[in-house]
Amino acid sequence: MKKSAIVILVLSLFSLACTNSDNKNPFILENENVYHLIGHKTYFSELLMPRHLNVVGDYLIISEGSRLSPDLPLLHVIKKNPLTYKFPKGVTGFGPFEIPDATLVEPGFSDSTFTVYSSMSKKFTDFSLRDTLRLGIKEYKQPQELFGMYRMFHATDSTVIGIMANDSNRLVEFSMLNGKRIAGYGNWEKIPNADHLIDYTDPDINYHMGEINKGRLKVNQKLGLFVKANGYRDRIEIFHYDSKTFDIVEGPRLEVPDFKIRYSSSKSAVIFNPEYPYGYGDVSIGEKYIYALYGGVTEKQIRETNEIAKIIYVLTHTGEVVGRFNLDISVADMVVDEELGKIYGITTDEDPGIAVFDIPEKFL
């Protein structure tokens, strides 16, 4: 009897250990996987209100905020190596080849172009990297059926994948030729303690689910990877276009932040506790890894310190967390070039510039 009891106790402890191991937060890393990176900032007087940083071939494309004077450029082209200002792009307006804002930037379908999506004019505009003309060289209107899609990237030369404002799917694919919906990918799953958000045939509930899971979407078209890093809820959603499957990674905080839904006449909105820190601010998809910029600070802390994010988590393309970079300079947006071994970020100080960090050799 005594021997049997010992065996049972050992098996129970082993089972408990396995359970605890399975439930381990993947973002808690051993010290050898945590790196402290020292950045070097370069200031460019041409950058006034830089908001977003994008990479196209050998160049960084910087998007300015839309509150600039209309005579100023909305885009800047900077060579990555060596870091050198090349020329501005973008004439503000609604005329031919003009853009009122630069919501999203992605590589064009040739090595010498990049494409800008404007949410205000609902059109795509191609720009040349071979000349200094600020006007675009080609433009095409977003099909009417896509007007509910507010963040999208090309999956092929004739289709786009993006996020709809009130849809039962996480991502939706549309044809750019006829505006027809091709498919929806990934259904919303139940949120704990939110039984009122379970009818996914209700457009309002789909809108609320989209707001709760709102984040930055990026694509690596060559790899067929679409990655969304959520801004409120600590979650990274990795969509594999070839297999049409998702890898979902929760953390570093595993809970869903407290929220309320407020109704006003026929409208409603998801309101988060302002004292709850933000989650992910941006994401970059490299040939080897995914790099997720993490904030973990509140709106009040941002106002008081101007610091937005100083942490980057490194994940495999299937969602395994393999590293953490602690930055000595706060950045608001970032891109990664694994070939050069560099991380580029827009600094959040009073005179914003471009901070450059070296990627540890282990990840190259």
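Please read these numbers as outputs of a predicted model, since none were measured by experiment.

**Q** I keep staring at the side chain of Thr 115 and nothing clicks. Help me out?
**A** Tracing the sequence through the fold places Thr 115 in strand E8 (residues 113-118). Here Asp 126 takes part through its side chain, which lies 2.7 Å from a polar atom of the side chain of Thr 115. Ignoring any residue separated from it by four or fewer positions in sequence, one finds Thr 115 in contact with Leu 104, Val 105, Glu 106, Pro 107, Gly 108, Phe 124, Thr 125, Asp 126 and Tyr 140.

**Q** In this structure, what is going on with the pairing of strand E24 (residues 321-327)? I would like to understand it.
**A** If a strand is regular, its side chains alternate between the two faces of the sheet. The buried count for E24 comes to six of seven residues, which makes it a mostly enclosed element. Pairing analysis gives four bridges linking strand E1 (residues 34-37) to E24, with the strands arranged parallel. Residue pairing for E24: Leu 37 is matched across the bridge by Leu 327. For strand E23 (residues 311-315) and E24, the ladder comprises five bridges, and the chain directions are antiparallel. Bridge pairing links Ile 311 to Asn 326 in E24.

**Q** Explain empty space enclosed by the protein to me, please; I cannot follow it from the model alone.
**A** Vacant regions in the atomic arrangement are exposed by a probe of water-molecule size rolled over the atoms. Summed over the entire model, instances satisfying the criterion amount to three cavities of 30 Å³ or more. Lining the largest cavity, in full, are His 52, Asn 54, Ser 63, Ala 102, Thr 103, Leu 104, Val 105, Arg 151, Phe 153, Arg 216 and Lys 218. If you list the elements that add at least two residues to the lining of the largest cavity, you get strand E3 (50-56), strand E7 (104-107), strand E11 (149-154) and strand E15 (215-220). Residue composition of the lining of the largest cavity, by class: four nonpolar, four polar and three charged.

**Q** Mind showing me how you'd approach the sheet that holds strand E22 (residues 290-294) here?
**A** Backbone hydrogen bonds hold the strands of a sheet together, and the pairing may be parallel or antiparallel. With respect to topology, five strands assemble into an open sheet ordered E1-E24-E23-E22-E21, the strand pairing being mixed. Both edges of this open sheet fall to E1 and strand E21 (280-285), since each of them pairs with a single strand only. For this sheet, the mean angle separating the axes of adjacent strands, direction not counted, is 20°. Here E22 runs beside E23; their pairing, made up of five bridges, is antiparallel. Residue pairing across strands places Tyr 291 opposite Val 314, the latter belonging to E23.

**Q** Would you mind going over the sheet that holds strand E9 (residues 123-128) with me for this structure?
**A** Read across the sheet, four strands follow the order E7-E8-E9-E10 without closing on themselves; strand pairing throughout is antiparallel. Whereas interior strands pair on both sides, the edge strands pair on one side only; in this sheet they are E7 and strand E10 (138-141). On average, each strand axis in the sheet is inclined to that of its neighbour by 20°, with strand direction left out of account. When E9 meets E10, the two strands line up antiparallel, connected through four bridges. Its bridge partner lying in E10, Asp 126 is registered against Lys 138.

**Q** Teacher, can you tell me more about the environment of Val 116 here?
**A** Tracing the sequence through the fold places Val 116 in strand E8. Exposure remark for Val 116: the relative accessible area of 0% places this residue in the buried category. Separated by 13 residues in sequence, Val 116 and Thr 103 place their C-alpha atoms 7.2 Å apart. Beyond its immediate sequence surroundings of up to four residues, Val 116 is in contact with Leu 75, Ile 99, Asp 101, Ala 102, Leu 104, Val 105, Lys 123, Phe 124, Thr 125 and Phe 127.

**Q** Just checking my understanding: could you explain the nonpolar core for this structure?
**A** Side chains of nonpolar character tend, in soluble globular proteins, to be buried together. Grouped together as the largest cluster of nonpolar side chains are 22 residues, with contacts concentrated most on Met 149, Val 160, Ile 161, Leu 171, Phe 226 and Phe 239. Put simply, the parts of the chain that give this core at least two residues each are E11, strand E12 (159-164) and strand E13 (169-175). With four residues, E12 is the single largest residue contributor to this core. Apart from the residues lying within four places of it in its own chain, the contact partners of Ile 161 are Arg 151, Met 152, Phe 153, Ala 155, Leu 171, Val 172, Glu 173, Tyr 185, Leu 217, Phe 226, Phe 239 and Tyr 241. Core analysis: the next-biggest nonpolar cluster, separate from the first, contains 19 residues, Tyr 289, Leu 293, Phe 325 and Leu 327 among them.

**Q** Explain the pattern of salt bridges here, please?
**A** Under the definition given, this model contains 21 salt bridges. With its nearest N and O atoms 3.5 Å apart, the salt bridge here joins Glu 211 to Lys 214. Note on Glu 211: relative accessible area 18%, which makes it buried. Exposure remark for Lys 214: the relative accessible area of 32% places this residue in the partly exposed category. Shared partners join several salt bridges into a network, and the residues in it are Arg 170, Glu 189, Lys 228, Arg 233, Arg 235, Glu 237 and Glu 250.

**Q** Can you help me understand unusual backbone geometry in this one?
**A** Backbone geometry follows two general trends: most residues other than glycine have a negative phi, and most peptide bonds adopt the trans configuration. Pro 82 follows Asn 81 through a cis peptide bond whose omega is -5°. If you trace the backbone, Pro 82 turns up in the loop between strand E5 (75-79) and strand E6 (84-89). Unlike most non-glycine residues, Phe 97 shows phi in positive territory, near 65°. Mapping Phe 97 onto the fold places it in the loop between E6 and E7. Backbone geometry at Asn 306 places phi at a positive 65°, although glycine is not the residue there. Tracing the sequence through the fold places Asn 306 in the loop between helix H3 (299-305) and E23. In this structure Asn 306 comes out as partly exposed when scored by relative accessible area, which is 37%.

Procedures and definitions
- Residues numbered from 1 in each chain as written.
- Predicted model: local features only at pLDDT ≥ 70, side-chain atom pairs only at ≥ 80, totals over all residues.
- Heavy atoms only, no water.
- Helix = DSSP H or I, 4+ residues; strand = E, 2+ residues; numbered from the N terminus.
- Polar contact = N/O pair within 3.5 Å; in protein donor to acceptor, adjacent residues only side chain to side chain.
- Contact = heavy atoms within 4.5 Å.
- Buried < 20%, exposed > 50% of the residue type's maximum accessible area, 1.4 Å probe, protein only.
- Pairing = 2+ DSSP bridges.
- 1 Å grid on protein atoms, 1.4 Å probe; cavity = no way out; pocket = protein on both sides within 12 Å on 5 of 7 lines; lining within 4 Å.
- Points joined across faces, edges and corners; volume = space filled by probe spheres on them.
- Nonpolar A, V, L, I, M, F, W, Y, C, P; charged D, E, K, R; others polar.
- Axes fitted to C-alpha atoms, helices over the stretch in contact; angles between N-to-C directions.
- Core = buried A, V, L, I, M, F, W, Y, C linked by side-chain atoms within 4.5 Å.
- Salt bridge = Lys/Arg side-chain N within 4 Å of Asp/Glu carboxyl O.

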